Amino acid sequence: MTMLHQFVDLEALSRAAATLFAEQARAAVTSRGRFSVLLAGGETPRRTYELLAEEPLRSAIPWDRIYFFWGDERCVSAKDPKRNEGMVRRALLDHLQIQPEQVHPIRSALAPEQAAADYDAELHRFFVSSPPRFDLAFLGLGTDGHTASLLPGSAALEEKVRWTAVTRRHKEPFSRVTLTAPLLNQAALVVFLVTGRDKAGVLQSILTPASDHPAFPAQLIRPLTGALHWYVDRQAASLLTGGHAAF
Ligand code: 6PG
C-alpha cells in the first residue's frame, strides 16, 4: 500500500514524521518488546530527529527498547560533518540516555568493502531470524532519484541478495556504504521524507511513472509486505496533480 501525505512545510512534515515514529515505537515495543528503526541521512530528516529529542515526544517514547540503524553512510572520517551518523547523534542520540548497544552505525572508517561486510554481519546478528524487518525505515530522495546511497547507474541497483553494498558518486572523493533494495523492501513501514521545490520534478516522475521499469533508484523501494508512505511538503508536491491524503 502506498500513501502520499502532503504537508504545508518542513516543520509540519517533521512533526508528523516524529509523531509517526513515536506511535510506531510504542506499538512495536508493546507487541514485540523492541523497535528497530532505519535512519536516513542528508538534511531533510534533521528536524524530525530534533523533535523526537524534545517534549512532548521525548517522554512519550520507550527509548530503552529502540535500536537505531542507518540506511547509508559516507566513507569519511568520524568527525567529518558529511557523516550521517554525526547528524543523527547531534540532532537526537546525544540528547538521550541510551545504551551504546542500541546504536548500530556503519563503521565507515573501515575500507568501504570491509565496512559493508561488517554492517552486513551486524544486521545478521541483530536480526537473528532472516529476513531482517525494520519496523520503520526513513528514507530521503535525491534530486537524481537516489535514496539511501543507491545511486543512479550503480551496480548496487542490481543487487538481489546482499543487504549492503558500496557505491560511489562520480567526482565525489569518497565511497558510500548503502543498504540495498532487497533489505529495504523487507521493512514493515517505509517513509520517504521529501521537501523543497528542487525535488518536485523527480517526485512527479517517480509517483507518476511512464512505465513499470524503475527509472530511478527510489522506485526500487517496493516493500514486499510492508507499507510505503511519502511525506512531502507543498513545494515538493507542486507538480503533482490529483488529490491524496493531505494533512
Ligand atoms: C545521503 C542520504 C541521501 C539523502 C538524499 C536527500 O547520505 O546522501 O542518505 O539518500 O537522503 O540525498 O538528501 P537531503 O535530505 O539533504 O535533500
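Since we're looking at a predicted model, the values are computed, not measured.

What counts and what doesn't
Residues numbered from 1 in each chain as written. Predicted model: local features only at pLDDT ≥ 70, side-chain atom pairs only at ≥ 80, totals over all residues. Heavy atoms only, no water. Helix = DSSP H or I, 4+ residues; strand = E, 2+ residues; numbered from the N terminus. Buried < 20%, exposed > 50% of the residue type's maximum accessible area, 1.4 Å probe, protein only. Contact = heavy atoms within 4.5 Å. Pairing = 2+ DSSP bridges. Phe/Tyr/Trp six-rings, centres within 6.5 Å; stacked < 30°, edge-to-face > 60°. Lys NZ or Arg CZ within 6 Å of the ring centre and 35° of its normal. Core = buried A, V, L, I, M, F, W, Y, C linked by side-chain atoms within 4.5 Å. Polar contact = N/O pair within 3.5 Å; in protein donor to acceptor, adjacent residues only side chain to side chain. Near = heavy atom within 4 Å. Areas by Shrake-Rupley, 256 points an atom, 1.4 Å probe, with all protein chains shown as cover. Nonpolar A, V, L, I, M, F, W, Y, C, P; charged D, E, K, R; others polar.

Draft legend 1. Focus on the environment of Ala-156. With respect to the element layout, Ala-156 can be found in the loop between strand E6 (136–139) and strand E7 (164–168). Judged by its relative accessible area of 6%, Ala-156 is buried. For the pair Ala-156 and Thr-180, spaced 24 residues apart in sequence, the C-alpha to C-alpha distance is 6.7 Å. When neighbours within four sequence positions are excluded, Ala-156 is seen to be in contact with Leu-150, Ala-165 and Thr-167.

Draft legend 2. Here's a closer look at the sheet that holds strand E10 (residues 227–233). Strand order in the open sheet made by the seven strands is E1-E10-E9-E6-E2-E3-E5, with parallel pairing throughout. Looking along the sheet, the strands with just one partner apiece sit at the ends: strand E1 (2–7) and strand E5 (103–104). Relative to E5, strand E3 (residues 66–70) runs parallel, the two being bridged by two bridges. Directly across from Phe-68, in E5, lies its bridge partner Val-103.

Draft legend 3. Looking closely at the packing of aromatic side chains. By the definition in use, this model includes 12 aromatic pairs. Just above the ring of Phe-126 sits the side chain of Arg-34; from NZ or CZ to the centre is 3.9 Å.

Draft legend 4. Region of interest: the nonpolar core. Core analysis: the biggest nonpolar cluster contains 82 residues, and Phe-21, Trp-63, Phe-68, Phe-138 and Trp-230 have the highest contact counts within it. The element that contributes the greatest number of residues to this core is helix H1 (residues 10–32), accounting for 10 residues. The contact partners of Trp-63, leaving out residues within four places of it in the chain, are Phe-21, Leu-52, Arg-58, Phe-68, Leu-92, Leu-96, Ile-98 and Gln-102.

Draft legend 5. Main features of the side chain of Thr-164. Among the structural elements, Thr-164 can be located in strand E7. Separated by 2.8 Å, the side chain of Thr-164 and the backbone oxygen of Ala-116 make a polar contact. Beyond its immediate sequence surroundings of up to four residues, Thr-164 is in contact with Ala-116, Ala-117, Tyr-119, Asp-120, Leu-123, Thr-178, Leu-179 and Thr-180.

Draft legend 6. Representation of the site of the ligand. In the vicinity of the ligand, 14 residues are found, and the nearest of them are Thr-44, Arg-74, His-146, Ala-148 and Lys-199. For the ligand, an oxygen atom lies 2.8 Å from a polar atom in the side chain of Arg-74. Its free accessible area being 420 Å², the ligand has 86% of it covered by the protein chains. For the shell around the ligand, the class distribution of residues is two nonpolar, seven polar and five charged.

Draft legend 7. Inspection of the environment of Phe-68 at higher detail. By the secondary structure assignment, Phe-68 is in strand E3. Here Phe-68 falls in the buried class, since its relative accessible area comes to 0%. Separated by 24 residues in the primary sequence, Phe-68 and Leu-92 have C-alpha atoms spaced 11 Å apart. The contacts of Phe-68, once residues within four sequence positions are left out, are Phe-21, Val-37, Leu-39, Trp-63, Leu-92, Leu-93, Ile-98, Gln-102, Val-103 and His-104.

Draft legend 8. Region of the structure containing the pairing of E6. On E6, burial covers both faces: Leu-136 and Phe-138 on one face and Ala-137 and Leu-139 on the other are all buried. Bridge count between strand E2 (residues 35–39) and E6: two bridges; the pairing is parallel. Bridge pairing in E6 links Val-37 to Leu-136. Two elements, E6 and strand E9 (residues 189–194), share three bridges in a ladder whose sense is parallel.

Geometric descriptors of this kind do not, in isolation, establish any biological role.
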